[in-house]
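An overview of the molecular structure
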Amino acid sequence: MLREWLLRPHAAAWWGPVPSVAELREDYLLGADQPSATRAWIAHHGGQPVGFIQSYVVMGSGGGWWEDESDPGARGIDQFLADEAQLGQGIGRAMIRAFVGQLFADPHVTVVQTDPAPHNERAIRCYAAAGFRAVGEVDTPDGPALLMRCTRQSLLQAAPRSA
């Protein structure tokens, strides 16, 4: 299912070359018990799978990523919605907000970051609405990115208000 989602044009545009099923298994299942492993989840809405989300420990993530990070409590996230028709409906923002809230339930997590492409305006707006603030452009192994970070406080400030 994940590979099929990654092949969809709206996801493939931002996620680059689509890994094989074997590569996905290696990335997300083998070694998942390691503390520094990337953890992956399928998000559900109304009982249906709607998206993919992953998190990782930023410090020591390797591969040229975040080599200057010294905060062991920093976590990185990446995600997408499976169905292009669901973009712009607040589902992604709710998914991100709920997931970041779960990450902050761990008292060792100090900040959550993400790194959309600087021209991915839809993602940047979504992250900002979920409590992320732009830090600045950075160079990553995947090319230029806009580093965005969310603290516990900014997550609470972005929480939906009830009428």
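Look up: the structure comes first, before these words.
Heads up: these notes are all about the structure in this document. (Residues numbered from 1 in each chain as written. Predicted model: local features only at pLDDT ≥ 70, side-chain atom pairs only at ≥ 80, totals over all residues. Heavy atoms only, no water.)

**Focus: the overall build of the protein**
For clarity, the threshold we go by: Labels follow the DSSP assignment, with helices taken as runs of H or I lasting at least four residues and strands as runs of E lasting at least two, numbered in each case from the N terminus. With C-alpha atoms as the basis for the radius of gyration, the globule rule is written as 2.2 Å multiplied by the number of residues raised to the power 0.38. With a 1.4 Å probe rolled over the protein chains alone, any residue whose accessible area is under 20% of its type maximum counts as buried; one over 50% counts as exposed, and the rest are partly exposed. Using a 1.4 Å probe, the Shrake-Rupley method yields the accessible areas, and only the shown protein chains count as cover for residues. Neither His nor the chain ends is counted toward charge; the positive residues are Lys and Arg and the negative residues Asp and Glu. In plain terms, the charge of a residue is placed at NZ if it is Lys, CZ if Arg, CG if Asp and CD if Glu.
A count of helical and extended segments in the protein gives six helices and six strands. Counting from the amino terminus, helix and strand elements in the protein follow one another as α-α-α-β-β-β-α-β-α-β-β-α. Expected size for 163 residues packed as a compact globule is a radius of gyration near 15 Å; at 15 Å, the protein falls within 12% of this value. By its C-alpha atoms, the protein is 45 × 40 × 30 Å across when sized along the principal axes. Within the protein, buried positions represent 40% of all 163 residues. If you sum the accessible surface of the protein, you get close to 9300 Å²; carbon and sulfur atoms cover 53% of it. The average position of the 13 basic charges and that of the 18 acidic charges among the side chains of the protein differ by 11 Å.

**Re the nonpolar core**
Note the following rule: Nonpolar cores were defined as sets of buried Ala, Val, Leu, Ile, Met, Phe, Trp, Tyr and Cys residues, with membership established by side-chain atoms within 4.5 Å. The criterion used for residue contact is that any of the two residues' heavy atoms lie within 4.5 Å.
Ranked by internal contacts, the top residues of the largest apolar core, which has 23 residues, are Ile77, Ile96, Val100, Phe104, Val112 and Phe132. Broken down by secondary-structure element, the contributors of at least two residues to this core are β2 (48-57), β3 (74-81), α4 (91-104), α5 (121-129) and β6 (143-150). Here the element with the most residues in this core is α4; it accounts for seven residues. Look past the residues within four positions of isoleucine 96 in its chain and what remains in contact with it is Ile77, Gln79, Cys126, Tyr127, Ala130 and Phe132. Leu2, Trp5, Leu24 and Ala82 belong to the second largest nonpolar core, which has nine residues in total.

**Some words on the sheet that holds β3**
To be explicit about the condition: Pairs of strands are assigned from DSSP output, requiring at least two bridges between the strands. Note on definitions: angles span 0 to 180 degrees between N-to-C directions of axes, and those axes are lines fitted to C-alpha atoms, for helices only across the stretch in contact.
Ordered by their spatial adjacency, six strands build an open sheet running β1-β2-β3-β4-β6-β5, and the pairing between neighbours is mixed. Edge positions in the sheet fall to β1 (39-45) and β5 (133-140), since each of these pairs with one other strand and no more. On average, each strand axis in the sheet is tilted by 30° relative to the strand beside it, whichever way the strands run. Note that β5 and β6 share seven bridges and pair antiparallel. Looking at the pairing, aspartate 139 lines up with proline 144 of β6.

**Remarks on the packing of α4 against α5**
Worth spelling out the cut-off: Angles below 35 degrees are treated as roughly parallel, those above 145 as roughly antiparallel, those between 65 and 115 as roughly perpendicular, and all remaining angles as oblique. Take the far helix as your reference; a near helix turned counterclockwise from it by less than a right angle gives a left-handed crossing, and one turned clockwise gives a right-handed crossing.
Contact pair α4 / α5: the axes reach a minimum separation of 9 Å and the direction vectors enclose 50°. Relative to α5, the element α4 is oriented oblique. Of the two elements, α4 crosses α5, and the hand of that crossing is right-handed. In contact with Gly92, Arg93, Ile96 and Arg97 of α4, α5 contributes Cys126, Tyr127 and Ala129.

**So, the pattern of salt bridges**
Rule in force here: Salt bridge, as used here: a side-chain nitrogen of Lys or Arg that lies within 4 Å of a carboxyl oxygen of Asp or Glu.
Per the counting criterion, the structure on display carries one salt bridge. Between arginine 149 and glutamate 69 there is a salt bridge; the shortest N-O distance is 2.6 Å. Here glutamate 69 lies in the loop between β2 and β3 and arginine 149 lies in strand β6, a separation of 80 residues in the sequence. Given a relative accessible area of 24%, arginine 149 falls into the partly exposed group.

**A closer look at the pairing of β3**
Judged by how many residues are buried, β3 sits mostly within the fold: eight of eight residues are covered. Here β3 shows a buried face lined by Ala74, Gly76, Asp78 and Phe80 and a second buried face lined by Arg75, Ile77, Gln79 and Leu81. Alignment of β3 against strand β4 (residues 111-114), held across three bridges, turns out to be parallel. Across the sheet, residue glycine 76 finds its bridge partner in β4, namely glutamine 113.

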